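The primary structure of each chain is shown beneath.
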Amino acid sequence: MKNVLLALALCVSFSGFAQVLNVASVNQVPIPANPNAKVAGISPNGDYLLLSTSTNVGLTKFDLKTNESKVLTNARGAGFNAQISSDGASVIYREDSYTANHLRMEQLNTVNVESGTVANLVAPTRNLQGYAIEGTAVAAINKGKLAAKGKVSVPVLSINNRQLMITRNGKTSVFSPNGKNFSYIWQSVSPDGTKALYYVCGVGAFVCNIDGSNVKSLGIVRAPQWYGNDVVIGMNDVDDGEMIISSSIVATTLSGQQQVLTDASVVAMYPYASLNGEKIAFSTPAGEAYIININK
C-alpha cells in the first residue's frame, strides 16, 4: 500500500515540474532489517545493490531477483565511494586501518562478487586522493601519482587539500574550475569522458567540460551522480542543525531543467543509477532501500 500511495503522490507532485525522466514506479526493496543500512551502489544492469552501513563499514551484495544477501567485505571505509566494474563482476573499495600511532591509512582493494576473492590494488597509504574505474580497468591517484591496473583512457578526478585535481596522461595538476578559494567534493567524470561533475561546498553542484571550460551551475544537488552523459541525479536534503528532516531525489539536465523524483513520504538520500538507466537506487536514514524504476 505504501508503494501505491507513493506512486499516486508522485503523479500529482510531478505535474508542475519539467519531466527529465519518465518514472514508472518507486518501490521499497526488502533488504534485511538494519537501521544502519544504506545503499552504496547498484550494478550496471540493475540486478543487485551494494549495501553498507551509515559509517561505511563493509559491503553486502543484495540480489534484486532472489532477495539473497552475500557479504563481500567487512572492511571499514568500504561503503564510501565503492565502484562497480562495467560488467558487474567486481567492486573496487577502500579499506581503512590505523597505525600504532593512531594515524588513519587507506588501501584500495577489488573483490570478485561471485567468488569473493579479494586483491589489493594500492597498499595502505595516507594519500589516496581518488580513483576511477573504466570498464574493468582501475586508476588510482596516490600522492598525486597515477597507479593503474589496465588501461584507463579518460582523465581521473581527485581531491587534494580540498582542491579538485585532474590526472591526464599520467600527470596530476590542479583543476578547480570555480577557483582555488573553494572546497570541492563529490567529483566524477561523465561516462563518455567529456565532462566533469563536482560539488562546491556551500555553493552547489557544477558541471564543466573536461578542459575546465563552460562551467554551469546545477543548483543544490548534493551527492551528485551521472545518469548517462546529459542528466545528473542527486539529493536536496534539509536539516535542522542536528538531523535530516526532509530529502528528495532530483534529476537535472545540464541545461537546468529539474524534476523531483520522490515525494515527502520518504526521506530519500544518496541516489545511484544503474548504467543501463533503468533503475535509480536510494536509501533513507531509517535503513530502508528503494528503487525508482525508469521507463526508457
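Each chain carries its own residue numbering, running from 1 in the direction its sequence is written. At least 70 in pLDDT is required for a residue's local features to be given in this predicted model, at least 80 for side-chain atom pairs to be given and counted, and no such filter applies to totals for whole chains, interfaces and linings, which use all residues. Note that the side-chain values use all heavy atoms of the structure and ignore hydrogens as well as water.

## Describing the pattern of salt bridges
Here is step 1: One speaks of a salt bridge when a side-chain nitrogen belonging to Lys or Arg is within 4 Å of a carboxyl oxygen belonging to Asp or Glu. Tallying each qualifying case throughout the model produces six salt bridges.
Here is step 2: Across the salt bridge formed by Arg104 and Glu106, the nearest N and O atoms sit 3.3 Å from each other.
Here is step 3: For Arg104, a relative accessible area of 38% puts it in the partly exposed group.
Here is step 4: A cluster of three or more residues bridged by salt bridges with shared partners is formed by Arg94, Asp96, Arg104 and Glu106. Throughout this description, buried means an accessible area under 20% of the type-specific maximum (1.4 Å probe, protein chains only), exposed means over 50%, and partly exposed covers the range between.

## Structural notes on the packing of aromatic side chains
Here is step 1: Aromatic pairing here means that ring centres of Phe, Tyr or Trp (its six-membered ring) are within 6.5 Å. Orientation follows from the plane angle: under 30 degrees is stacked, over 60 is edge-to-face, and everything else is tilted. Applying the stated criterion across every chain, the model contains four aromatic pairs.
Here is step 2: For the pair Tyr198 and Phe206, a centre-to-centre distance of 6.0 Å together with 15° between the ring planes defines the contact as stacked.
Here is step 3: For Tyr198, a relative accessible area of 0% gives the class buried.
Here is step 4: When the NZ atom of lysine or the CZ atom of arginine is within 6 Å of a ring's centre and also within 35 degrees of its normal, the charge is said to sit over that ring. Sitting above the plane of the Tyr48 ring, Lys61 keeps its charged end 5.2 Å from the centroid.

## Remarks on the nonpolar core
Across soluble globular proteins, you tend to see nonpolar side chains buried next to one another.
Here is step 1: Ranked by internal contacts, the top residues of the largest apolar core, which has 21 residues, are Leu21, Tyr227, Leu261, Ile280, Phe282 and Ile292.
Here is step 2: A helix here means a DSSP run of H or I that spans at least four residues, while a strand means a run of E at least two residues long, and both kinds are numbered starting from the N terminus. Every element with two or more residues in this core is listed here: strand E1 (23-29), strand E20 (222-227), strand E21 (231-239), strand E22 (244-253), strand E24 (269-273), strand E25 (279-283) and strand E26 (289-294). Here, the term nonpolar core denotes a set of buried Ala, Val, Leu, Ile, Met, Phe, Trp, Tyr and Cys residues that are joined through side-chain atoms within 4.5 Å.

## Some remarks on the pairing of strand E12 (residues 145-149)
Here is step 1: Of the strand pairs in this sheet, strand E11 (residues 137-142) and E12 are connected by five bridges, and their pairing is antiparallel. The residue bridging Ala140 from the neighbouring strand is Ala147, located in E12.
Here is step 2: For two strands to count as paired, DSSP must find a minimum of two bridges between them. Where E11 folds back onto E12 in an antiparallel hairpin, the turn is made up of two residues, including Lys143, whose phi is positive at roughly 55°.

## Quick look at the sheet that holds strand E10 (residues 128-134)
Here is step 1: Ordered in space as E10-E11-E12, the three strands form an open sheet in which the pairing is antiparallel. Taken across any chain shown, the strands that pair with only one partner, and hence form the sheet edges, are E10 and E12. Strand-to-strand twist across the sheet, computed as the mean angle between neighbouring axes with direction ignored, equals 20°.
Here is step 2: Strand direction decides the pairing type here: E10 and E11, joined by six bridges, are antiparallel. Looking at E11, one finds that Tyr131 is bridged to Ala140. Axis lines are fitted to C-alpha atoms, over the contacting stretch for helices. Their N-to-C directions set the angle, which ranges from 0 to 180 degrees.

## With respect to the confidence of the model for the protein chain
Here is step 1: Confidence of the predictor in every single residue is expressed as pLDDT, which spans 0 to 100. Averaged over every residue, the pLDDT of the protein chain is 92; the share at 70 or more is 94%.
Here is step 2: We call two residues in contact when some of their heavy atoms are within 4.5 Å. Ignoring residues within four places in sequence, the model shows residues 1-16, a span with pLDDT below 50, making 23 contacts including any to other chains.

## Here we look at unusual backbone geometry
Phi is mostly negative for residues that are not glycine, and the peptide bonds are mostly trans.
Here is step 1: A positive phi angle, close to 60°, is found at Asn81, a residue other than glycine.
Here is step 2: Considering the arrangement of structural elements, one finds Asn81 in the loop between strand E5 (69-76) and strand E6 (83-84).
Here is step 3: Using a relative accessible area of 34% as the deciding quantity, one classes Asn81 as partly exposed.
Here is step 4: At Arg162, a residue that is not glycine, the phi angle is positive and equals roughly 75°.
Here is step 5: Positionally, Arg162 belongs in the loop between strand E13 (156-160) and strand E14 (163-168).
Here is step 6: What makes Arg162 exposed here is its relative accessible area of 55%.

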